[in-house]
Amino acid sequence: MPVDLVEVIKEGGVPNGFTNVNYVANGEGELLQLGPISMRVLEDGSRTDNRFGAVRFVIPPKTPGPPQHIHIMHDETFFVVKGVARFDTGTTHVDATTGDFVTVPPRSMHTFSNPFDEPAEMICTFTPAYYVEYFRLLARAAQSGQRLTPADMTAAMANYATLPVKP
């Protein structure tokens, strides 16, 4: 017998095989500290079968970003919600301001930074979401006081299909 979804929902239920939406209020979500950069996990992929992950970066003024790198298997997007973030491709750069959107497809050399005098905040997405685990790894190392060598960083990046590159 077919399920009348409208009736099930009117009664406050969730039909079999369906799920509820996830809501993360402003300021909530897992907070990771990556050196001076803070990152709040909005979606780690656990509710999307790892199809999609999202974080919010807060980058203090005059803060360099990660080394130039490429992702072999995932896309990233960045939506600047406050301030200005610099995106560098190794051959050029763009200063993305509040409301600007940057897409980084696989195999695109890039990094970001905040060389400016005000904090920058960005929403970043990963498809698939596995890359959130890379940031958790870095945050755990920093929290424990472990200093990662360049070889450690390269190995950690490689575990998440990411390679450092020289511009």
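Relevant structure appears above.
Because the structure is a prediction, the values reported are computed rather than measured.

Trainee: What should I look at first to understand the overall build of the chain in this one?
Mentor: Assigned secondary structure in the chain consists of three helices and eleven strands. Beginning at the N terminus, the succession of helices and strands in the chain can be written as α-β-β-β-β-β-β-β-β-β-β-α-α-β. Counting all 167 residues of the chain, 34% fall into the buried class. Accessible surface, the chain: about 9,900 Å² in total, of which carbon and sulfur atoms supply 57%.

Trainee: I tried to follow the pairing of strand E3 (residues 53-59) on my own but got confused; where do I start?
Mentor: Remember that side chains alternate between the two faces of the sheet whenever the strand is regular. Of all seven residues in E3, five are buried; the element is thus mostly enclosed. Both strand E2 (residues 37-43) and E3 contribute to a ladder of five bridges, which runs antiparallel. Bridge pairing in E3 links serine 38 to valine 58. Of the strand pairs in this sheet, E3 and strand E10 (residues 120-127) are connected by seven bridges, and their pairing is antiparallel.

Trainee: Help me out: how do you make sense of the sheet that holds strand E9 (residues 111-113) in this one?
Mentor: Each strand in a sheet pairs with another by means of backbone hydrogen bonds, the pair being arranged parallel or else antiparallel. Spatial ordering of the open sheet is given by E7-E6-E9, a layout of three strands whose pairing is antiparallel. Each having just a single partner strand, strand E7 (93-97) and E9 make up the two edges of the open sheet. Recorded for the sheet is a direction-independent mean angle of 25 degrees between the axes of neighbouring strands. As paired elements, strand E6 (residues 84-88) and E7 share five bridges and run antiparallel to each other. Bridging across to E7, alanine 85 finds its partner in alanine 96.

Trainee: I would appreciate a short explanation of unusual backbone geometry in the present structure.
Mentor: Working note: non-glycine residues mostly have negative phi, and peptide bonds are mostly trans. The linkage connecting threonine 127 with the following residue, proline 128, adopts the cis geometry, with an omega of 0 degrees. With respect to the helices, strands and loops of the structure, proline 128 is situated in the loop between E10 and helix H2 (131-143). For aspartate 49, which is not a glycine, the phi torsion comes out positive at approximately 50 degrees. Aspartate 49 sits in the exposed class, given a relative accessible area of 63%. One non-glycine residue with positive phi stands out, namely lysine 62, at about 60 degrees. Take lysine 62: it is sitting in the loop between E3 and strand E4 (69-71).

Trainee: What is the right way to look at the side chain of arginine 136 in this model?
Mentor: Topologically, arginine 136 is positioned in helix H2. With near-sequence residues (within four places) excluded, arginine 136 lies in contact with Glu30, Leu32, Val41 and Asp44.

Trainee: In this structure, what is going on with the packing of H2 against helix H3 (residues 150-159)? I would like to understand it.
Mentor: Here H2 crosses H3 at 155 degrees, and the two axes come no closer than 9 Å. The angle between H2 and H3 places the two elements in the roughly antiparallel class. The handedness of the crossing between H2 and H3 comes out as right-handed. When H2 is examined against H3, the residues Tyr134, Leu137 and Leu138 are found in contact with a partner set consisting of Met153, Ala156 and Met157. Of the residues belonging to the contact of H2 with H3, the class tally is six nonpolar, no polar and no charged.

Cut-offs used in this document
- Residues numbered from 1 in each chain as written.
- Predicted model: local features only at pLDDT ≥ 70, side-chain atom pairs only at ≥ 80, totals over all residues.
- Heavy atoms only, no water.
- Helix = DSSP H or I, 4+ residues; strand = E, 2+ residues; numbered from the N terminus.
- Buried < 20%, exposed > 50% of the residue type's maximum accessible area, 1.4 Å probe, protein only.
- Areas by Shrake-Rupley, 256 points an atom, 1.4 Å probe, with all protein chains shown as cover.
- Pairing = 2+ DSSP bridges.
- Axes fitted to C-alpha atoms, helices over the stretch in contact; angles between N-to-C directions.
- Contact = heavy atoms within 4.5 Å.
- Parallel < 35°, antiparallel > 145°, perpendicular 65-115°, else oblique.
- Left-handed = near helix turned anticlockwise from the far one by under 90°.
- Nonpolar A, V, L, I, M, F, W, Y, C, P; charged D, E, K, R; others polar.

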